[in-house]
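# A structural walkthrough
Residue strings, one per chain:
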Amino acid sequence: AKEHGRNSFKVFHSGMNIQSYRSFQLQNDLRKALERNEFKLVYQPRIHIGSSKITSAEALIRWDHPNWGMILPSEFIPLAEESNLIVEIGKWVLAEACRQNKAWQEAGLEPIRIAVNFSSQQFLQKDLIETISSILTDTGTAPGMIEIEITESVIFKNELAMTQTLKKLRNMGIYLSMDDFGMGYSSLKYLRQFPVHSLKIDKSFIQDLSSRSPESLSLVSAIVSLAHSLKLSVVAEGVETEEQLNQLRDLDCEEFQGYYFSPPVSANEFEDFLFKSQDK
Ligand code: C2E
Ligand code: CA
Ligand code: CA
Ligand code: CA
């Protein structure tokens, strides 16, 4: 019994060590990752349900770590937010998305919009508007080619200031969408107050559509109607099956993204998608 106890202690403990060693190392290396050029963006196509054409892409960050390999944002974005490094990383994400978009246009493709994700700390920067403006100028990007995705929890952290900032961004011509809609505070009352162009229905609602339960269908249908009555367009995320897509088409949802069409892919693979979609 004693031996067994010691063994299970050892297993448990070494497991914990690897985990804490990993997060210790990631936290340290995060500082150097930007200058070492270890981040990259992958792009997930967003499809217009009516025409089946690619309308835009969501840029999602990846970290190619020298020891640990590819690391997903769910693991390092929280660390970057804790240390406020997210502000610098966020600038890199926007600039890289703009540079890539420019490169696609120079390759002869028609311009598309690229969506980037923003954390709340980025909105707390006093020079946010100036920072975004200079990135757009430096990369020769029209504001309408950029979309900023904001989650409800970011918006409701500081309603008044956020409303002002979002209005400024919208007046600049930047496209705004509310991400993960339905998951956060879901304050329908505030939806009118925030000047966003579109809603992204969270993937958990879309995945429930597969269960063919009338309740999940009603819920998604209600979100689409609400958005349309406020003149917002609707993007469904996490679409994995043809059945989900057909249901969304019946509900007059405008756009979708998800594994059914494609997971996020490298810039090169996305370029191939664009050439096909634009018949070039
Ligand atoms: P999100 O903004 O809600 O992004 C959607 C996530 O769903 C992505 O995960 C995407 O790969 C995944 N996804 C796409 N289609 C499907 C599908 O059909 N089924 C399922 N199950 N999943 C699908 P990813 O790339 O791991 O990103 C996770 C989260 O990390 C993002 O959630 C976003 O909140 C955050 N994130 C990613 N890139 C950035 C960034 O550049 N800056 C900031 N601040 N956050 C980022
Ligand atoms: Ca997003
Ligand atoms: Ca989302
Ligand atoms: Ca999310």
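Preceding this section is the structure that the text describes.
Summary of the structure given here.

Rules behind the numbers
- Starting afresh in each chain, residues are numbered from 1 along the sequence in its written order.
- Just so you know, chain letters begin at A and ligand numbers begin at 1, following the order they were written in.
- Per-residue local features are limited, in this predicted model, to residues with pLDDT of at least 70; the limit for side-chain atom pairs, both in listing and counting, is 80 or more; totals at the level of whole chains, interfaces and linings are taken over all residues.
- Side-chain measures were taken over the full set of non-hydrogen atoms in the model, leaving aside hydrogen atoms and water.
- Metal donors: N, O and S atoms at distances within 2.8 Å, or within 3.2 Å for Na, K and Ca, with water omitted from the atom set so that some sites may seem incomplete.
- Helix and strand definitions here come from DSSP, where helices need a minimum of 4 consecutive H or I residues and strands a minimum of 2 consecutive E residues; each element is numbered from the N-terminal end.
- Throughout this description, the term salt bridge denotes a Lys or Arg side-chain nitrogen within 4 Å of a carboxyl oxygen of Asp or Glu.
- Think of it in three bands: with a 1.4 Å probe and only protein chains considered, a residue is buried below 20% of the maximum accessible area for its type, exposed above 50%, and partly exposed in between.
- In this analysis, the expected span of each helix is defined as 1.5 Å times one less than the number of residues it contains.
- Between two residues, a contact is recorded if the distance between any of their heavy atoms is within 4.5 Å.

Time to look at the coordination of the calcium ion (ligand 4). Coordination of the calcium ion (ligand 4) by the protein comes from Asp180 (OD) and Asp180 (OD), over a distance range of 2.5 to 3.1 Å. A distance of 5.9 Å spans the gap from the calcium ion (ligand 4) to the calcium ion (ligand 2). With respect to the helices, strands and loops of the structure, Asp180 is situated in strand 6 (residues 175–181).

What follows is about the pattern of salt bridges. For the coordinates displayed, the defined rule picks out twelve salt bridges. The closest approach of N and O atoms between Glu149 and Lys200, which form a salt bridge, is 2.8 Å. Residue Glu149 is located in strand 5 (residues 146–151), and its partner Lys200 is located in strand 7 (residues 198–201); the two are separated by 51 residues in the primary sequence. Overall, Glu149 belongs to the buried group, its relative accessible area being 1%. Residue classification places Lys200 among the buried positions, given a relative accessible area of 0%. The structure contains a network of salt bridges with shared partners spanning Arg46, Glu58, Arg113, Glu147, Glu149, Lys200 and Glu237.

Taking 1.5 Å of rise per residue, the 14 residues of helix 7 (residues 159–172) would be expected to cover 20 Å, and the 20 Å separating its terminal C-alpha atoms lies within 8% of that figure. Burial in helix 7 covers these residues: Met162, Thr163, Thr165, Leu166 and Leu169. Residues of helix 7 that are buried in the fold lie against helix 4 (120–124), helix 5 (128–139), strand 5, helix 6 (152–155) and strand 6. With its phi angle positive at about 105°, Gly173 sits one or two positions after the end of helix 7.

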